[in-house]
Amino acid sequence: MPPVFAHGRLRLYLLKLLDEAPRHGYEVIRLLEERFQGLYAPSAGTVYPRLAKLEAEGLVTYATEGGRKVYSITETGRAELADRGGELADLELEIRDSVSELAAEIRDDVRGAAGDLRREMRAAASATATQVDDESWKAAKEELRKAKQEWKEQARRAKDESRRAREEAQQARRQAKEAQERAREEVQRIAAQLQEQFAKPGGVLASLAGAWLGGGTAANAPAGSPSAPGPSGAGWAEDLAPTADPARDLDRLLDRFRDDVRDAARDHGVTPAQLAEARAHLAAAAARIEAGLRPGA
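Conventions adopted
- Residues numbered from 1 in each chain as written.
- Predicted model: local features only at pLDDT ≥ 70, side-chain atom pairs only at ≥ 80, totals over all residues.
- Heavy atoms only, no water.
- Helix = DSSP H or I, 4+ residues; strand = E, 2+ residues; numbered from the N terminus.
- Buried < 20%, exposed > 50% of the residue type's maximum accessible area, 1.4 Å probe, protein only.
- Contact = heavy atoms within 4.5 Å.
- Areas by Shrake-Rupley, 256 points an atom, 1.4 Å probe, with all protein chains shown as cover.
- Pairing = 2+ DSSP bridges.
- Patch = residues over 30% accessible without salt bridge, like charges linked within 9 Å, V, L, I, M, F, W, Y side chains within 5 Å.
- Salt bridge = Lys/Arg side-chain N within 4 Å of Asp/Glu carboxyl O.
- Lys, Arg positive; Asp, Glu negative; His and termini not counted.
- Charge placed at Lys NZ, Arg CZ, Asp CG, Glu CD.
- Axes fitted to C-alpha atoms, helices over the stretch in contact; angles between N-to-C directions.
- Left-handed = near helix turned anticlockwise from the far one by under 90°.
- Nonpolar A, V, L, I, M, F, W, Y, C, P; charged D, E, K, R; others polar.

1. Quick look at the overall build of the chain
Moving on, step 1. Each helix and strand counted, the chain has nine helices and three strands in total.
Moving on, step 2. Looking at the 297 residues of the chain, the share that counts as buried comes to 31%.
Moving on, step 3. In the chain, 64% of the contacts between residues at least 6 apart in sequence involve partners at least 24 apart.
Moving on, step 4. Per element, the accessible surface of the chain, about 18500 Å² overall, is 52% carbon and sulfur.

Structure follows, in structure tokens:
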């Protein structure tokens, strides 16, 4: 039989369980056993190392209560869970299939055991027909009846769990689709706001971008605007202390520049002519910076 959880899927399902409520390790194991209707229960050696790895990655945290670690999901963990909503829905379907496979194995085992028991009973009855009384025969029949009843009960539980997992997977897919629709609407709303800002006359986006890229000076900016930053502008981005990662430092500088230009556009608006000038400055700066970042530059 294939494993209950494919590679990396137990990690995702642990995040889902901790998103429902904070739990300690034994509670997570017990809850997984309940989700599988007692057909599967992971060992402590499977669950605790994964919880420790999630904690090391900043996806979960823990607090000690009564001598035990109680794990809780972090905002970073919730963000990953939201990003993998579709994968989580597929995982629910995989769990349903795993429950069905486990139930099938149990059914086959019970069926095989019942068959073996019948054959053994018949062989014993044939070999010792004169020595077996009615009470022994009734006891054997009762054992067979109990085995059949147990198999039926386990098959029923597996069927109920499969149906519940299917319903939860469908609900998760609907929620993921709704979240995508809301995200798309939010992006459209922000895009519309930006277009409205770009359409305002008298803006300073082009002047600010040109001054920062060497195409102008702060003196060319409209009155009342903040001093236009530049690559050699005194004091610009001094609060961004350098780290040991130059690539990260470059990303932070680009983020600061983008925020400065965006704030100027929001506060003062931008005309079509200023937008065209800013585009030209940005294109020239991108080419110059790209050339400077090439090996040997």
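2. Regarding the pairing of strand E2 (residues 60–65)
Moving on, step 1. Here E2 runs beside strand E3 (residues 68–73); their pairing, made up of six bridges, is antiparallel. Across the sheet, residue threonine 61 finds its bridge partner in E3, namely serine 72.
Moving on, step 2. Linking E2 back to E3 in an antiparallel pair, the connection comprises two residues, with glycine 66 at a positive phi of about 60°.

3. As for a positive patch on the surface
Moving on, step 1. On the surface, a cluster of positive charge is contributed by Arg118, Arg122, Lys148 and Lys152.
Moving on, step 2. At the level of elements, helix H5 (85–127) and helix H6 (134–198) are the ones that each hand at least two residues to the positive patch.
Moving on, step 3. As for its position among the elements, arginine 118 is in helix H5.
Moving on, step 4. Arginine 118 gets classed as partly exposed once you look at its relative accessible area, which sits at 31%.

4. Quick notes on the packing of helix H1 (residues 9–20) against helix H4 (residues 75–83)
When two helices pack together, you describe them by how their axes are tilted relative to each other and by the distance separating the axes.
Moving on, step 1. Where H1 meets H4, the closest approach of the two axes is 10 Å, and the angle between their N-to-C directions is 120°. In this structure, H1 crosses over H4, and the sense of that crossing is left-handed. Where H1 abuts H4, its residues Arg11, Leu12, Leu15, Lys16 and Asp19 lie against Gly77, Arg78, Glu80 and Leu81.
Moving on, step 2. Split into classes, the residues belonging to the contact of H1 with H4 amount to three nonpolar, one polar and five charged.

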